[in-house]
Amino acid sequence: MAALIDTSRAGVWMFADSPEGKVLHCVALYDRGRDVMLRAPDLYQVDVGVYIDELLREGFILAPDARTHPATAICNAGYLIPNDIHSVLEVGFSVNGVVCGTFSCEQTGGRQEWTQRQLQLLRHIGSRASLALMNAAAAQIDTAPGALWEPSSPNRLTMSAPLEPKDP
């Protein structure tokens with residue numbers, strides 16, 4: 001996603017509920033310049049409410065100068081400045097009309113003037129990936145013991161040779 005959008009970092013953030021209100025939790029954040037996955041702190045509505053409200057209301061945030069943009073400037077001290085982030089492009093994704101998270105692009109080292117094409121491309125990625133992402137996040141691993149094979153004929157285990165060779 002970072003290469004496709006041509007940005008320094010790309011990430012996926014999911015909304016969760018907490019006693020303090022909504023929280024955005026970083027599921028994955030890739031730094032293209034260093035070719036590494038990074039950790040990012042959770043963003044709590046109580047701390048960055050303007051940002052979360054804008055994202056929920058508009059469905060996206062396009063901030064070529066994230067440090068002065070009304071929705072993202074609140075993140076300066078805790079996230080933007082310490083991580084050298086200058087520009088942010090965020091597109092919320094939803095499942096069944098409920099905003100579940102955001103696809104995020106961050107430009108480090110200097111500003112990026114986001115284009116309409118980049119915004120549309122990120123929206124397209126979001127619409128294609130959101131349902132799969134939600135299914136993966138909600139999936140549970142079945143650890144219950146089960147049969148070694150299904151009883152249906154295509155999956156039936158058959159043995160045509162003895163397990164141990166006969167002595168000559």
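What counts, and where the lines are drawn
Residues numbered from 1 in each chain as written. Predicted model: local features only at pLDDT ≥ 70, side-chain atom pairs only at ≥ 80, totals over all residues. Heavy atoms only, no water. Helix = DSSP H or I, 4+ residues; strand = E, 2+ residues; numbered from the N terminus. Buried < 20%, exposed > 50% of the residue type's maximum accessible area, 1.4 Å probe, protein only. Contact = heavy atoms within 4.5 Å. Areas by Shrake-Rupley, 256 points an atom, 1.4 Å probe, with all protein chains shown as cover. Expected span 1.5 Å × (residues − 1). Phe/Tyr/Trp six-rings, centres within 6.5 Å; stacked < 30°, edge-to-face > 60°. Lys NZ or Arg CZ within 6 Å of the ring centre and 35° of its normal.

Draft legend 1. Geometry of the overall build of the protein chain. Regarding its fold elements, the protein chain presents four helices and seven strands. Starting at the N terminus and walking to the C terminus, you meet the elements of the protein chain as α-β-β-β-β-α-β-α-β-β-α. Every one of the 168 residues in the protein chain was classed for burial, and the buried ones make up 36%. By sequence separation, contacts in the protein chain at least 24 residues apart represent 52% of the contacts at least 6 residues apart. Counting only carbon and sulfur atoms, one obtains 55% of the accessible surface of the protein chain, whose full area is about 10,500 Å².

Draft legend 2. Spatial organisation of helix H2 (residues 45-58). Across its 14 residues, H2 extends only 16 Å between first and last C-alpha, which sits more than 12% below the 20 Å expected from 1.5 Å per residue. When H2 is considered as a whole, its buried residues turn out to be Val48, Gly49, Tyr51, Ile52 and Leu55. Gly59, located one to two residues past H2, shows a positive phi value of around 90 degrees.

Draft legend 3. Quick look at the packing of aromatic side chains. Applying the stated criterion to the full structure yields two aromatic pairs. Residues Phe93 and Phe103 carry aromatic rings whose centres are separated by 4.9 Å and whose planes lie at 45 degrees to one another, so their mutual orientation is tilted. With Phe93 in strand S6 (residues 85-95) and Phe103 in strand S7 (residues 98-108), this residue pair connects regions lying ten residues apart in the sequence. In this structure, Phe93 and Phe103 share a single accessibility class: buried. Lying over the aromatic face of Phe60, Arg123 brings its terminal NZ or CZ to 4.8 Å of the ring centre.

Draft legend 4. Focus on the environment of Val46. If you trace the backbone, Val46 turns up in helix H2. Residues Val46 and Gly21, 25 residues apart in the sequence, show an inter-C-alpha distance of 6.8 Å.

Draft legend 5. Up close: unusual backbone geometry. One non-glycine residue with positive phi stands out, namely Asp35, at about 55 degrees. Mapped onto the secondary structure, Asp35 falls in the loop between strand S2 (21-31) and strand S3 (36-37).

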